Structure formats: structure tokens, C-alpha cells
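# Summary of the model geometry
One-letter residues, chain by chain:
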Amino acid sequence: MSLTQQLVQLLSESPGNVIYHLISLFALQVVFALALTQWRRNRHDNLARRTMWAAGAVVVMRLGLLLAGLAVFGDQATAVSVLPPLEQAINTATAVLVVWALVPHPKSQPLIGDTAAVLLLLLVGMMYIFFAQSWPELALVGTPYNSTVQATIWLVFQLAALIAGLALTIGERPLWFSLRQIILFILLVTHLLTFFSSPDTIANQTDIAYWIRLGYLITLPLWAVLTYRHTISTLMVQDKPSVSGPTTNAPAAAFFDFSTQVIRSLQPEENIVAAIDVAVQTLHAPYAALALLQADTPHQMHLTTNRAIQTTERPSNWLINLREWPAFQQALDENEVVELRPTGLGGRQLRLWYEEMGLSLWGALLALPLRVENNTTVGLLLISAPNNQSDWGLAEKSTAAALARYVAQAIHNSQTFSQVADQIAQSPQPRLAEPTLVSGRIITLEEERNRLQIELEATTARLLQAESQAAKASKQARDLAATLEELEKINYDERLASLEIEIATLRESLIEAEEAMALAAAGEKGLSTEWIMTTITRYSSQLEAAQARIETLEADLLRQERGVTDELVISLAQELRTPMTSIAGYTDLLLSEMLGALGAKQRDFLQRVKANVERMDAFLDLIVQLTTSGERNPGAESGGVDIQASIDTAVSNVITQIREKKLRLDLDTSPTLPALPIHREALQQIINNLIGNACQASPPNGRVSISACINTLPPPANNGHSEPITFLHLAFKDSGGGIQAEDRSRVFSPQHRADDPLIDGLGDTGAGLAVARTLTEANGGRVWIESEMGIGSTFSVLFPIANDLVPSLAPASANN
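Everything in this summary refers to the structure shown in the same document. Throughout, a residue's number is its position along its own chain's written sequence, starting from 1. A pLDDT threshold of at least 70 governs which residues receive local features in this predicted model, and a stricter bar of 80 or more applies before side-chain atom pairs are shown or counted, although totals over entire chains, interfaces and linings include all residues. Hydrogen atoms and water are omitted, and side-chain values are computed over all heavy atoms in the structure.

## With respect to the nonpolar core
Core analysis: the largest hydrophobic core is formed by 40 residues, its most contacted members being Ile691 and Leu728. When residues of this core are traced back to their parent elements, those giving at least two are α17 (643-653), α19 (680-697), β8 (703-713), β9 (725-733), α20 (768-778), β10 (782-788) and β11 (792-800). The element contributing the most residues to this core is α19, with eight residues. What we call a nonpolar core is a set of buried Ala, Val, Leu, Ile, Met, Phe, Trp, Tyr and Cys residues that are connected through their side-chain atoms within 4.5 Å. Buried means the residue's accessible area, taken with a 1.4 Å probe over protein chains only, is under 20% of the maximum for its type, while exposed means over 50%, and partly exposed covers the values in between. Each helix corresponds to a stretch of at least 4 residues labelled H or I by DSSP, and each strand to a stretch of at least 2 residues labelled E; elements are numbered beginning at the N terminus.

## A word on the packing of helix α4 (residues 76-102) against helix α5 (residues 111-140)
Remark: α4 packs on α5, axes separated minimally by 9 Å, with the N-to-C direction vectors making an angle of 165°. Viewed along their axes, α4 and α5 adopt a mutual orientation that is roughly antiparallel. Classified by chirality, the crossing of α5 by α4 is right-handed. Within the contact between the two elements, α4 uses Val80, Ser81, Pro84, Pro85, Leu86, Ala89, Thr92, Ala93, Val96, Leu97 and Trp100 and α5 uses Gly113, Asp114, Ala117, Leu120, Leu121, Val124, Tyr128, Trp135, Pro136 and Ala139. Lines are fitted to the C-alpha atoms to define the axes, a helix being fitted only along its stretch in contact, and any angle between axes, read from their N-to-C directions, falls within 0 to 180 degrees. Orientation is classified from the angle alone, with under 35 degrees giving roughly parallel, over 145 giving roughly antiparallel, 65 to 115 giving roughly perpendicular, and any other angle giving oblique. Crossings are sorted by hand: turned counterclockwise from the far helix by less than a right angle, the near helix makes the crossing left-handed, and turned clockwise it makes it right-handed. Note on contacts: a residue pair qualifies if any of its non-hydrogen atoms lie within 4.5 Å across the two residues.

## Describing the sheet that holds β10
In a beta sheet, neighbouring strands pair by backbone hydrogen bonds and run either parallel or antiparallel. Whether two strands pair comes down to DSSP finding at least two bridges between them. In space, the five strands of this open sheet follow the order β7-β8-β9-β11-β10, with mixed pairing throughout. Each edge of the sheet is formed by a strand with only one pairing partner; in this case those strands are β7 (664-669) and β10. The sheet shows a mean angle of 15° between the axes of neighbouring strands, taken without regard to direction. Bridge count for β7 against β8 is six bridges, and the pairing is parallel. Across the sheet, the residue bridging to aspartate 668 is serine 707, located in β8. Most of the contacts of α19 go to β11, to which it runs at about 170°, and overall it touches β8, β9 and β11.

## Quick word on a nonpolar patch on the surface
Taken together, Val156, Leu192, Phe195 and Phe196 make up a surface patch of nonpolar side chains, about 380 Å² in accessible area. When residues in the nonpolar patch are grouped by element, the largest group, three residues, is from helix α7 (residues 179-196). Position of valine 156 among the secondary structure elements: in helix α6 (residues 149-170). Given the relative accessible area of 43%, valine 156 is considered partly exposed. Here, patches come from residues exposed beyond 30% relative accessible area and free of salt bridges, joined within 9 Å for like charges and within 5 Å for nonpolar side chains (Val, Leu, Ile, Met, Phe, Trp, Tyr). Here the open area of atoms and residues is found with the Shrake-Rupley method and a 1.4 Å probe, where only the protein chains shown may cover a residue. Any Lys or Arg side-chain nitrogen located within 4 Å of an Asp or Glu carboxyl oxygen qualifies as a salt bridge.

Shown next, in the form of C-alpha cells:
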């Protein structure tokens, strides 16, 4: 018996056949166990990850092959028709997985290899399903499997995978003559021997690819040795001291680079970018952000992240309101690390934060307070867990906390240096040489440029967010309007059809009357004049009755349309009352300190919330009263409303916007303004909307003028009145460049939709001006606009005043 025949007998017949499977499974289990241990120790070890998945999949497939062989052990015919294509499919999948695990993957696109492996395995599965259906017919006639076209296709597939893997290892010089390359070379040689061997040279015909079995019998233990060496080498590298070089510890290298950046530069902007970089590299975080407190607005934080916005590759900047993110406020107040987990109490805030930032992440988020030794709070450091982990490990959390302390001190030092430098620059200095002055001016200009760049990026991010929210609100409004239109169209169509029929009947009657008059005038048919006049009178009375009926139907139709809208407004107001009632109740509960003592700042915040809730509730009462009452006036205050106080309140509401845009505010109010008999909330809403529109329409460094005075006109002649007409005149003037004449008719339109073009020179983009006009007219006043192109617009409001309420006016203004 030749050596080849002995090899065939050893690998294809019992007990050698069983020994082959047991040795293969044992070697694969060792590979899987070592790779799993290494991957759990270091989740960023891609070689261990690929080896673990590949070895685990091969173990499952070969264990299934062994069980299938044991199941058909006593049935030779079934074994011949089932096992050969199954073993070849498993051999092909094993070759694909071994190549995927051992060859290097491109660092720029690491998912290409994983995607290719999955697609090839799916192709192998479809090929097996097709071949397994056609092989039993060939097995019945005694055809050896190794001589079929199926076997050749499987073998070519395996050779292609091994040749591609060996070529990829040749492209990496450090892998030359390595154990990876040796494993792939041995498998390639055994597959080539199978491809070029002739079945006629073997006396004992068999369906088993014995050369391939021999290749795996040699290479699978070598794969276990390779995995063991990789695990040991990784442990040895981790145990080496850090002085071995910066390349052995990438996080340490990143940390030292950051330290160098701190020493080299004392600019807060540069230190912020360096801190984010070191957090990403040290903790392998996909998302990191640094939020700094603002001195002028303590409830807002300036956020810088490592994710670039769409228009630039620079880190994006945001302005966040701490009132909207209680977890971040808690981290600052309690000076403790807060972890938001996707399945914990902070899961909702975590999802909302990732949506706000436009991230497709769901891993846990750490919020670390940045506080120095003198209890000065700098801000927050936000870091997301690597690989979307649901929680942070204790060691990783300790590292993040230490990094936060270092970052806090570094940024605090740079901020202190900037403040001292600004103080020195503002203090009187002796006259310096010209080069020194120029250098200092350049530094100041660069700092100003950096600050403006950051503010521009933050504004851009907020604008994108506002546009997204506006688009959603616009879509909801259009859907609601379409629903209302469908509801109104049913009754409207019926009424319209009835009116058209009645009008057509009356027109026919009128035509008959005209024909009768024509016949009478022509003297035809002998019609008498009395009969003609009687007929005309009868048809005229019918026509008048029909016209009165038409006016009545049109009025009913208008009231019905108004009723649908009123019901909708009342329904929305009641829906708004439900959450407001809940907010008010919880606010009162917290203010009562039944759940714990409150600090001064917390009590101040809660009182502001309560005041705004009460103000919103009063405004909802006003809306419901205007909607349900048949009277125009919602009811005046018994003692009158202080106009000057209402103007001061409205100005305080927009003072932040005036400061941000650096607007000049001119107030010209008469000192003898009387108390106006009007609903207080209505007047306040009118003034708020008109002042807000003037501030929004005016450009930066523009001017806003507000005037309030009492004007008196002489009584009109020939109307029976002898008393002069006295009225309050409020004027709100902006510097927005004016409004085109064709657009002025749409300024107060409540039907203005979000998808219509905006009006140039107008600040209000919603229904604020429409509400102001409605409330003004409901209280007996009048509002109009005067605009001059290139200069601005003036919105004027008039309210009539009884003469007994007006203080004595100077003679010079009596005829103003």
C-alpha cells in the first residue's frame, strides 16, 4: 500500500476519521478560548475579535458535521448523499473565515473586510443549498464526488480565497515569513495538491478531500499557537514600564501631547480643543464635548464637541441651556460624576441629547464636573462610552475623573491668564516702542477673531436646530389646516348649492318680468298697464326677499365657519391648561419645601417658573374670553392700567436681545399719561408683540424708538358733538429698512403660512402682529403701519380716552 493510500485510509476511515474531527475541534476550542480572553481584556484588539468570531463559527460548523456523520453512521446511502457537499461547504466557509481572521485590514476603512466576509459566507450558503439538491441523483449512479463539477467549483472558490489572503500578507512586509503567512501557505499547498491529484492513482475511491483534511490537521494547531503568542505578547507590552517609548502606550502619548500643548499655549480655545482630543484618544470615546460656564448667563454653557458641523471641519460649538438638561445641572450642583445610561433613569435625557447633537449613538454618557481646588467650577466634560457600551467600567470611570481634574486646572489657568492679561491691557501703561504696540494689537485682534468665530459657529448650529423645529411645526400646522378645511367643506358645499339653485330661480323670474315689460312696451298680446305693474311689483318683492335670504344664508355660513375655528382655539387652550396645571402644582409643592429645603437660587428659579405659568394662564383666559364672548372687549381693569409700567415690562423682556444686537433704544413718553381703561394682559401683549417686532426687524447697531403721548382733536363740524376727541397714541419705530408697498397688506394677516415667502423688513415671522391687531380692535383701538423704504417702519396704535380721564393739557398741545 502506497503512502497516499495509507493517508486516505487514515483520514477517511475509522478510527482515523473520528480522530481528525476531535483534534480539529480541540485546536479550534483553544483558539476560541484564547481569543475570547484577549478580546475581553482589550475590546480594541481587532485581531483577537476576528479570531474569536472565526474560530467560534468554525467550531459550530465542524461540530454540526460530526453530529451529522454520527446520525447517518449506519445508513451508507444517506451518508453518501448528504455528507460530501456538506463537508465541502464547511471547508469553503472555513477557508473564508481563516483568511478574514489572519489578513490585515485597511485602517482607513476597517468595515470592508467584515462586509466582504459576510457576503462570501452568504454566497457559500446559497451554493450549498443548490448543490445539495442536485448531488443525490449523481450519488445513486455511483459517481465519486471528487470528480464532479461541484467539487471543482468548491475547490476553485477555496483556492481563490487563500490566494487573495496570501497576497494581502505579502503586501505587509512585517508579516513576511510570519506564522500567519505560513498557515495560509500550507493551506494553499494542500488545496493545490487536491486540485491536481488524479483519482485514478488511488485504488480506494473516496468522496473525502483527504489533502484538505491533512492541511487543516496541520494548520489548526498552528493557529492556536499564533493566538497564544499574540496574547502573551500583548500582556508583555502592557507590563512594560512607560519609559519604553511613547509608541507603546497611545493614551499616554496623547496625554503627554496635551500637557505639552498646555505648557506651550495659554489660550483657552486651544486648550479646549486639546482636551477633547486627549479624551477621545485616552478613553477611545466616539464623542467628547467640553461645556464652559458663561459669566454673564450662568444658566447657559458654551459647548465645543469633536463632531464637525456640515459647513466646516472645525469642532462644532453650541449654546446649551442648563434648565433643559437637569442631569448636567445636577453634576454641577453636587460636584459628582453623573452617568446617563440607555436603560437607566437618564435614558430619556441621553436619547434627547444624542438627537440634539445629531449623533447615531446610544452608549452611556459621562458628565464630569470641572472644578479646581478653590471650588471654582469651570464647566463640564462629556464623554460617551466606546463601542456604544451601556455602562462605564470602574477603571475607565476613574481615568475619566482624573482626566477631568487635570483639564479643569489647565483651562482655569488659561482663563485666569487671559483675565489678567485683559486687566493689564486696560490699565494705563507707559508709552512702549512701536513694535511692541503693534504686537500687542495683533494679539488682541487674533483673540477677537477667535471669539467671533466661535460665536458664529454657535449661531449657525442654533440656526440649523431652529430651522428643523420650524419645519416640524409648519408640517403640523398644514396638516391641521387641511383637516379643518375638510370639515368645513361638507356644510359649505351644501349651503353653496342651495344658494345657487335659489339665485337661478330668481333670475328666471326676473327674466320673465323683463320680457313682460318688453311685450307691454311693444303693445303685444294686449297686456294692460295695470297687469304689467302688478307683475313687476310682485317679482320685485320676490327679488328683494331672495336677496335678504341670500344675505341671511351668507351670515349663517360665516358664523358657522367662525364657530369651527373658535371650537378649535378653545380646545387647544384647554389642552395647554393640563400641563400648565401640573407644572403649577409641582412648583407650589417644591416652594412649600415639603420635599426638602431650597437654596436661594433654587427658590428664585421656581418663583420665576410660577410667575410665567400664572402669566400664561392669564393669557389663555384672555384667548378663551375673546373666542367665546360675543362682545369685542374682554373687560377693562377697574382702576385702569399704567401705560408706563406696561412699556417698562415689555422693554425688560427684550433687554437681552437689545444688548446682544447693540441696539439704541429711544423712549419718549409723556409724564402725564392717564390710566387706560383696558384689559391689562391685552395691553401688555400688544406692547410686547410690537416691541419684539421692532427689535427683530432692526439690524445690529440699529435704533428702536418707542413713544407714548396723548393727542386731542377738535370736534368734527356739523355732527352735533361739541367735545374734543382725545386718544392715546403709541408708536413703535424700527430701523429695518422698510417694507415694500405690496407686502404691507400681509403684515397683520393671521392667515400667513410658514411656506409663504418672508416679508423683508419685518421682524415678526409668526402671528404676533395679527394677535396685536385683534386685541387692539377688541378693545376699541386701531393699529396701522407706516413704512419708508431704506429707513424703517412705524407701527402706531390709537386708543380713545374719555375726556374726564385726561389730565389738563398744555395749550400748546391742545390742537396737536
